[in-house]
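# Chain and residue survey
Below are the chains, spelled out letter by letter.
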Amino acid sequence: MAEIPSLPQRAFILPEQKRAAMAAAYQHGAKSYDRIRPPYPQAALDFTLEGPVKQVADIGCGSGIFTEQLASRGVEVWAVDPSQDMLEVLNSRLHCAHTVLAPGEQTGLAESSVDVVSYAQAWHWVDPEQASAEAARLLREEGRLVLLWNQLDVSVPWVHRLTRIMHAGDVHRPELIPPFGPQFAAPESGIWHWSMALTLQEVIELTRSRSYYRRANEATRNKVESNLRWYWYEHLGHDAAERVDVPYLTHAWRARKRRGR
């Protein structure tokens, strides 16, 4: 894959203070987040649930987008998130999950209680060492920790520029492997390319769901939206009502718990 400029060389690891400040942006606004963020490809769900799986802890579950997909496969799900607002939206859409208000580093769930721990769009919000230790505690022998992200496909030049205008912070270099603790074996990975048809207004709503936008002042928000309109209308030549296929990819990593950990 060609070199992609202007993406961080080190992803997934944020200093604790910065991580807490950015994550605080998701304590509110769960309904708007839930409306615009996409679900995950079925192939990524297959990857997550490969093998005999009965119970899953979906940590950093947010509004329950991935939680709902897990539950649709008939598994029992514990949905864990530190935002009460997010869990309220989850409970309004899904009644078969057990919800837990807690951070990923200290969930309060029972030891050896699940076959899979999943983090969908959420591993960068936790301390990877502490979250790995907690995941290993929750997992049964040889259970699996699965990390996955939907992200705009920045290997496509016009999408790469779009992400920069949006200040999309959850875009990672495909070659970067997220940090797993020593409790886990080397991870396997999967990657799936797809697209989502969006209007300009939906692109703006997607931008508004990002931590950068949520934490910005009004002047910065107005500038971001103005730049998006210029890019969409004048540079790309689309009109307001046009639905454009925006390339995405989903990248997932799956690591098995080591014996005796």
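Below you will find a few notes about this structure. Here the residue numbering is sequential within each chain, running from 1 through the sequence in written order. Reporting of local features is limited, given that this is a predicted model, to residues whose pLDDT is at least 70; pairs of side-chain atoms are given and counted only at 80 or more, and all residues count toward the totals for whole chains, interfaces and linings. The side-chain figures draw on all heavy atoms in the structure; neither hydrogens nor water molecules are used.

### What to know about the pairing of strand S3 (residues 97-101)
Convention followed: At least two DSSP bridges between two strands are needed for those strands to be called paired. Each helix is a run of DSSP H or I of at least 4 residues and each strand a run of E of at least 2, with the numbering of both proceeding from the N terminus. A clockwise path from the first strand over the helix to the second, with the strands pointing away from the viewer, defines a right-handed crossover.
Relative to S3, strand S2 (residues 76-81) runs parallel, the two sharing five bridges. Counterpart to Ala79 in the pairing with S3 is Thr99. Taken together, S2, helix H5 (residues 84-93) and S3 constitute a β-α-β crossover, and its handedness is right-handed.

### Observations concerning unusual backbone geometry
In this model, Ser112 sits at a positive phi of 50°, which is unusual for a non-glycine residue. Relative to the helices and strands, Ser112 resides in the loop between S3 and strand S4 (114-120). Residues other than glycine seldom take positive phi values, yet Gln121 does so here, at roughly 65°. With respect to the helices and strands, the residue Gln121 is situated in the loop between S4 and helix H6 (128-138).

### Details of the packing of helix H8 (residues 200-208) against helix H10 (residues 218-235)
The line we're drawing: Note on geometry: axes are lines fitted to C-alpha atoms, helical ones only across the stretch in contact, with angles between N-to-C directions running from 0 to 180 degrees. By convention the crossing between two helices is left-handed if the near helix lies anticlockwise of the far one by an angle smaller than a right angle, and right-handed if it lies clockwise. Residue contacts are defined here by distance: any two heavy atoms, one from each residue, within 4.5 Å place the two residues in contact. Put simply, Ala, Val, Leu, Ile, Met, Phe, Trp, Tyr, Cys and Pro go in the nonpolar bin, Asp, Glu, Lys and Arg in the charged bin, and everything else, Gly too, in the polar bin.
In the contact formed by H8 and H10, the axes pass within 11 Å of each other and the chain directions differ by 145°. Here H8 and H10 pass one another in a crossing that is right-handed. Where H8 abuts H10, its residues Leu200, Val203, Ile204, Thr207 and Arg208 lie against Val224, Glu225, Leu228, Arg229, Trp232 and Tyr233. When its residues are assigned to classes, the contact of H8 with H10 shows seven nonpolar, one polar and three charged.

### Side note on the packing of aromatic side chains
Where we set the bar: Each pair of aromatic rings taken from Phe, Tyr and Trp, with Trp reduced to its six-membered ring, is defined by centres within 6.5 Å and is described as stacked if the planes are under 30 degrees apart, edge-to-face if over 60, and tilted in the remaining cases. A ring has a charge above it when a Lys NZ or an Arg CZ is no more than 6 Å from the ring centre and no more than 35 degrees off the ring normal.
The final tally for this structure, using the stated rule, is eight aromatic pairs. Plain terms: the ring middles of Trp149 and Trp253 are 5.7 Å apart, the flat faces sit at 80° to each other, and that makes the pair edge-to-face. Taken together, the residues span a long stretch of sequence, with Trp149 in strand S5 (residues 139-152) and Trp253 in strand S7 (residues 244-256) at a distance of 104 residues. For the cation-ring pair, Arg254 lies above Phe47, with the distance from its terminal atom to the ring centre recorded as 4.1 Å.

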